[in-house]
Amino acid sequence: MVEELSQAQYDTVYNFLSLVIASQLFTALFIVMSLRRVLPKYRAALIISATVCGIAAYHYFRIFDSFREAYVTDAVGGQGVYTLAEGVSFNVAYRYVDWLLTVPLLLLEAIAVLALARKTQTSLLVRLIPASALMIVLGYPGEISDDVTTKMIWGALSTIPFAYILYVLFVELGRILAGAPREIAVTVRNLRLLLLGTWGVYPIAYLFPVLGIEGSDAFVAREVGYSVADILAKALFALVIFRIARLKSAYDDP
Amino acid sequence: MVEELSQAQYDTVYNFLSLVIASQLFTALFIVMSLRRVLPKYRAALIISATVCGIAAYHYFRIFDSFREAYVTDAVGGQGVYTLAEGVSFNVAYRYVDWLLTVPLLLLEAIAVLALARKTQTSLLVRLIPASALMIVLGYPGEISDDVTTKMIWGALSTIPFAYILYVLFVELGRILAGAPREIAVTVRNLRLLLLGTWGVYPIAYLFPVLGIEGSDAFVAREVGYSVADILAKALFALVIFRIARLKSAYDDP
Amino acid sequence: MVEELSQAQYDTVYNFLSLVIASQLFTALFIVMSLRRVLPKYRAALIISATVCGIAAYHYFRIFDSFREAYVTDAVGGQGVYTLAEGVSFNVAYRYVDWLLTVPLLLLEAIAVLALARKTQTSLLVRLIPASALMIVLGYPGEISDDVTTKMIWGALSTIPFAYILYVLFVELGRILAGAPREIAVTVRNLRLLLLGTWGVYPIAYLFPVLGIEGSDAFVAREVGYSVADILAKALFALVIFRIARLKSAYDDP
Amino acid sequence: MVEELSQAQYDTVYNFLSLVIASQLFTALFIVMSLRRVLPKYRAALIISATVCGIAAYHYFRIFDSFREAYVTDAVGGQGVYTLAEGVSFNVAYRYVDWLLTVPLLLLEAIAVLALARKTQTSLLVRLIPASALMIVLGYPGEISDDVTTKMIWGALSTIPFAYILYVLFVELGRILAGAPREIAVTVRNLRLLLLGTWGVYPIAYLFPVLGIEGSDAFVAREVGYSVADILAKALFALVIFRIARLKSAYDDP
Amino acid sequence: MVEELSQAQYDTVYNFLSLVIASQLFTALFIVMSLRRVLPKYRAALIISATVCGIAAYHYFRIFDSFREAYVTDAVGGQGVYTLAEGVSFNVAYRYVDWLLTVPLLLLEAIAVLALARKTQTSLLVRLIPASALMIVLGYPGEISDDVTTKMIWGALSTIPFAYILYVLFVELGRILAGAPREIAVTVRNLRLLLLGTWGVYPIAYLFPVLGIEGSDAFVAREVGYSVADILAKALFALVIFRIARLKSAYDDP
Ligand SMILES: CC1=C(/C=C/C(C)=C/C=C/C(C)=C/C=O)C(C)(C)CCC1
Ligand SMILES: CC1=C(/C=C/C(C)=C/C=C/C(C)=C/C=O)C(C)(C)CCC1
Ligand SMILES: CC1=C(/C=C/C(C)=C/C=C/C(C)=C/C=O)C(C)(C)CCC1
Ligand SMILES: CC1=C(/C=C/C(C)=C/C=C/C(C)=C/C=O)C(C)(C)CCC1
Ligand SMILES: CC1=C(/C=C/C(C)=C/C=C/C(C)=C/C=O)C(C)(C)CCC1
Ligand code: NA
Ligand code: NA
Ligand code: NA
Ligand code: NA
Ligand code: NA
Ligand code: NA
Ligand code: NA
Ligand code: NA
Ligand code: NA
Ligand code: NA
């Protein structure tokens, strides 16, 4: 664990964590308030979105408190160097517990919104969900290790199921949708790109401490990276899903 | 009570407890948000589910705080051995208070979902609910004792009503449903297996400290065991009930 | 005030208080979630029930915290004798503030559910509600006194309005309902017995410290007694009212 | 500020503050739960009521905490004299901030419920609301001063807009309603008396410290007075408005 | 950062911050409770309003706590000079994080309420939203600097996008609406003036510490200025939007 943070570093992490709390909490509440503005058949996706953002808000409340307690200073006005406190640690596991719950829900949501045949849905989910769980479980030992090699090995292992998820979404799903109407094909393409663009931030953030050899800048970069990725992959994703549900509702029942 | 935990042990319990909070809380909220997505006649079961998960979330917030306060370290960054603090205990009773409220509700929910004749329902519940209360009350003295023999005796006593519950669900209920339509028979069979599979984890978790002669590994195994069992028996069970209610709603009113 | 509690005594009170929190809070939430499951005309009674249980939950959160802060130990793992802390007291008044708000509401609820003529209702309430307020106000000075004679005198004074309430409910209400249809008569009889059975626990719990001459066992018995009485008179009562409302709803609009 | 409170004085203020929290919070929740029990056109008044009680609950939570922190003792079991703590003050301003928000809302609510012509409404509100704001702003400097003369001067200044409000409500409104149907006239008369009866408590409570020359009894009397007044003027008023809305709803749509 | 505050200064900031919490929180709740009182097509604007006020309430809870912890005294009854505490800072960034989320939402809301053609809407938003984000990001370095020149430079840079926003709203929007019906033209004019009037307070508050050369009066003026501006630009704006939605609903569906 990083032992020292400058005030600017401390404040950066601190403010990003608070930003994530506000983003997730109010996206969840916004979606809940907006439930009735879409047709009943699109509400399942919205309820899942709200749940995902709610779970994230809960974990970021914990992460924020954990960070606050873990790094302390005795400088007047907090204007000094922050060091690790006694008796408490900055609990990195919250993120992984969060992902373990939210990643399968996000995949469920993405698949649900495509409105494929039930059989195709099930066939995709029974492969995507275990793969995503594996990806997260394999990433964790690398995350909490301070050793670069350990980090690399587990990161590489975790990348295998990640690649498999991308394969299923891009190759297999493509095949399934080969003959689909143009409109669905476009939605799929866009959602997939959004997923790739946002999920791809996580492994990059993971790599920062590997490259920076556990310096405090790398720590900050990782925390900011994960925070931004969580806003994009959960809150922004929820708003995109909401937008799609609104448009489809207006289309079905003008 | 266990007096010392390594950092890894402390973190394991800590993270599992937090996982249970998130699982129960958001399952409860998810079910509440989804209430209108099933027909009115299936809402009773969902409301009970949400209540059960809510009660569990409440108790896990308390258990989590109790655990955090009970084991402390003064190592920098929390990277050391955790020992029992002065003035506070890890309150094991929360689990039993929780079960006392939630186990009868779960039985009520399981019976309700079968939609038997009112008379049969009552006849089952007046036997199942007292038996379940007895099971929990008899387990408690063994749980809080550090003595293996005491643990064994109360555990054995608690197993009698447990066995009786299984007998009622598997033998008596079987007889009652002998002539029932296939569809109901299948639902009953599956729910029963789910119940057996998840409730069976509790006595196993109970036994860990008996086998491990109160070592700290046994303590961790018990806490993790109970946590996992509570996720399965409450949150997963709620989602299965929800699934059944959705399918039945779609079937009744397509 | 009791100055010392053994660990078992401390834990008993502690766990009963937590049990009451969970019971009241989730009964309130359960009733709120179930509002739409009864016909509009029965919702008033349910809303009052939920309010009563909510008020109780609020006060038990306070009582619980007050108790926790008031009795402390410095034994490792909390495995020792608990004594009164400096600077804080166990605030007995919360119960009386709670009753002052909830007892009139319970009487209102009980009368409302009988659906008598508006004039009869008013005539009953203008006598029952002031009497109940008097009962509680007169009980308080005895409750906070450590002197047996003082306790006896105020207890006796408080019993006068209590007896009057019972007289109104059993004798007067009987006369009013003399010619009522059998069905109403039965409901009234049962509700009255439930009220007697649950309200009767309070004066008994009040007497424990009188008999036990302020020993710590008497203190524990009183706390447990009030806790159990509050669960019965509020949460259980709410569920009975809910049951009646459900049955009547099914009967009116099958 | 009062520097010392006996235990009985401390407990009296403490318990009244907690009573106000429970009253306001649960009146607000009760009103929210009851919204659908009145016709849509009466909901505006109820929503304002609930908002007023909610705002009051918020401020009383703060006042309660402020009071608790401001007066401390080191007597065992809190059985001693309470004195001002170091570093914190009992923040009297919360009440005035609360009134600044709630008094205009109460006037709005009272006028709204009369269902006058829009023009008359506006004409009344543009005079009542600024007057009420002035009344509160002028009262504040007197409230926080320990000097009797200062208190008297600001109190007298604050009484001018107060008298003006009463003049508008009793004289002007009377003229406006001269030819109104009897039923409205009665409602107006009753609401006005209720307002006078409850609002009149505030200046009386304000005067206690003036008369008592800042003794601790005067402090207690003022706190209890404001607490009781707030229950009457907000929670009781909300319930009266609710009653009127219920009756009118039944009358309009039997 | 300002190092010393008199008690009056401390109390002024303290009470204004608490006032903002209550205003934002209860405006949000009021709007949510009032959702059904406007036609569905106007609910989007209300939901956004409620979200904006909710986000602000969240941040003001944090700002309030941050302020409370950052300035401390050891004077009895808090009647003394407040100085910066050790180990904590008054976190100015909360405001900017808040604005980053709420300013785009406010622009979205203002544009939405005008009900322009979708294409015009999009064309306005793609310019307004990035400009507003830029305005806030450029203001931040000046805000946290104690150096007057730095403050001036960043303030000037931030004013460029601010001016651009005003240009778009006043000049471009005017051109677009040239031929619009009178009614819309009036709404636009009023909303624009409200926006100018309230948003204009922010740069003025920003300037106080520049003029006052970082004295504590300037600090207080800035905090009070931002607080008042936030009440006007969010809570008052929400109520105006609500008023418009009510009137339009009554007009569309009398
Ligand atoms: C490939 C890879 C990773 C991928 C993580 C991902 C893809 C996480 C996605 C999380 C989401 C989408 C959360 C939102 O709820 C790890 C574990 C960092 C370890 C390094 C290798
Ligand atoms: C047989 C047995 C036990 C059984 C416990 C069970 C079966 C608990 C079920 C709890 C549930 C289902 C909770 C969910 O809400 C004990 C008490 C551990 C003691 C040892 C013997
Ligand atoms: C007769 C009597 C008492 C009666 C108390 C009762 C009857 C309380 C009922 C409370 C309820 C029903 C609360 C639920 O909300 C006291 C005050 C203990 C004092 C001793 C004499
Ligand atoms: C005349 C007068 C006063 C009047 C206060 C009033 C009338 C307050 C009403 C408050 C309400 C109704 C709050 C409920 O939300 C003060 C300021 C005490 C100062 C002394 C003179
Ligand atoms: C021009 C200017 C500024 C403008 C700020 C504004 C206009 C903020 C608006 C905030 C709102 C509307 C928040 C409500 O949610 C700054 C950043 C103070 C820096 C100095 C120059
Ligand atoms: Na810190
Ligand atoms: Na840790
Ligand atoms: Na700990
Ligand atoms: Na204990
Ligand atoms: Na304690
Ligand atoms: Na006390
Ligand atoms: Na105190
Ligand atoms: Na102060
Ligand atoms: Na402070
Ligand atoms: Na800081």
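Structure first, text after, so check above.
Of regular secondary structure, chain A possesses 8 helices and 3 strands. Helices and strands in chain A line up, N terminus first, as β-α-α-β-β-α-α-α-α-α-α. Computed over its C-alpha atoms, the radius of gyration of chain A comes to 20 Å, within 12% of the 18 Å expected for a compact globule of 254 residues. Seen along its three principal axes, the alpha-carbon backbone of chain A occupies a region of about 60 × 40 × 25 Å. Contacts in chain A between residues at least 24 apart in sequence constitute 79% of all its contacts with a sequence separation of at least 6. Where the 20 positive side-chain charges of chain A centre and where its 20 negative ones centre are 20 Å apart.

Residues and elements named next belong to chain C. Compared with an ideal rise of 1.5 Å per residue, which puts 18 residues at 26 Å, helix H6 (residues 182-199) spans 25 Å between its outermost C-alpha atoms and is within 8% of the ideal. Along H6, the residues that are buried comprise Thr187, Val188, Leu191, Arg192, Leu194, Leu195, Thr198 and Trp199. One side of H6 holds all its buried residues, which, seen down the axis, span an arc of 160°. Next to the buried residues of H6 lie helix H3 (93-114), helix H4 (118-144), helix H5 (148-176), helix H7 (201-211) and helix H8 (216-252).

Mapping chain C onto chain D calls for a screw motion: a turn of 72° about the axis and a shift of 0.0 Å along it, with 0.0 Å RMSD after fitting. The symmetry that links the two subunits is that of a five-fold axis. Different-surface contact between copies: only 4% of interface residues of chain C are shared with the interface of chain D.

Counting residues at the interface gives 26 residues for chain A and 25 residues for chain B. Where chain A abuts chain B, roughly 2,100 Å² becomes buried across the two surfaces, and 61% of that area is made up of carbon and sulfur atoms. By the criterion of area lost to chain B, the three top residues of chain A are A:Ile47, A:Tyr58 and A:Arg62, representing 24% of everything that side buries. Across the contact surface, chain A and chain B share 0 salt bridges. For the pair chain A and chain B, the interface holds 6 residue pairs in polar contact (both at pLDDT 80 or more). Those elements giving two or more residues to the side of chain A that touches chain B turn out to be helix H2 (43-70), helix H3 (93-114) and helix H4 (118-144) of chain A. Considering every element that reaches the side of chain A that touches chain B, the biggest residue donor is H2(A), with 10 residues. Considering only residue class, the side of chain A that touches chain B consists of 16 nonpolar, 6 polar and 4 charged.

Core analysis: the biggest nonpolar cluster contains 267 residues, and A:Trp199, B:Trp199, C:Trp199, D:Trp199 and E:Trp199 have the highest contact counts within it. Counting 149 residues, the second-largest nonpolar core is a separate cluster that includes A:Phe67, C:Phe26, D:Val2 and E:Val220.

Moving on, we come to the coordination of the sodium ion (ligand 9). The protein atoms that coordinate the sodium ion (ligand 9) are B:Ser89 (OG) and C:Asp11 (OD), at distances of 2.6 to 2.7 Å. Remark: C:Asp11 occurs in helix H1 (residues 7-34) and B:Ser89 occurs in the loop between strand S3 (82-84) and helix H3 (93-114); the pair is interchain, linking two chains.

Moving on: the site of ligand 3. Residue and element names in this part refer to chain C. Around ligand 3, the structure places 16 residues, and the nearest of them are Thr102, Leu106, Trp199, Tyr202 and Lys234. At a separation of 2.8 Å, an oxygen atom of ligand 3 approaches a polar side-chain atom of threonine 102. Isolated, ligand 3 exposes 540 Å² of accessible area, and the fraction of that covered by the protein chains is 99%. Elements with a contribution of two residues or more to the shell around ligand 3: H3, H4, H5, H7 and H8.

The rules we used
Residues numbered from 1 in each chain as written. Chains lettered and ligands numbered in written order. Predicted model: local features only at pLDDT ≥ 70, side-chain atom pairs only at ≥ 80, totals over all residues. Heavy atoms only, no water. Helix = DSSP H or I, 4+ residues; strand = E, 2+ residues; numbered from the N terminus. Rg over C-alpha atoms; globule rule 2.2 N^0.38 Å. Contact = heavy atoms within 4.5 Å. Lys, Arg positive; Asp, Glu negative; His and termini not counted. Charge placed at Lys NZ, Arg CZ, Asp CG, Glu CD. Expected span 1.5 Å × (residues − 1). Buried < 20%, exposed > 50% of the residue type's maximum accessible area, 1.4 Å probe, protein only. Arc of directions from axis to C-beta. Least-squares fit on C-alpha atoms with pLDDT ≥ 70 in both. Buried area = accessible area lost by both parts, 1.4 Å probe. Salt bridge = Lys/Arg side-chain N within 4 Å of Asp/Glu carboxyl O. Polar contact = N/O pair within 3.5 Å; in protein donor to acceptor, adjacent residues only side chain to side chain. Nonpolar A, V, L, I, M, F, W, Y, C, P; charged D, E, K, R; others polar. Core = buried A, V, L, I, M, F, W, Y, C linked by side-chain atoms within 4.5 Å. Donors = N, O, S within 2.8 Å, 3.2 Å for Na, K, Ca; no water. Near = heavy atom within 4 Å. Areas by Shrake-Rupley, 256 points an atom, 1.4 Å probe, with all protein chains shown as cover.

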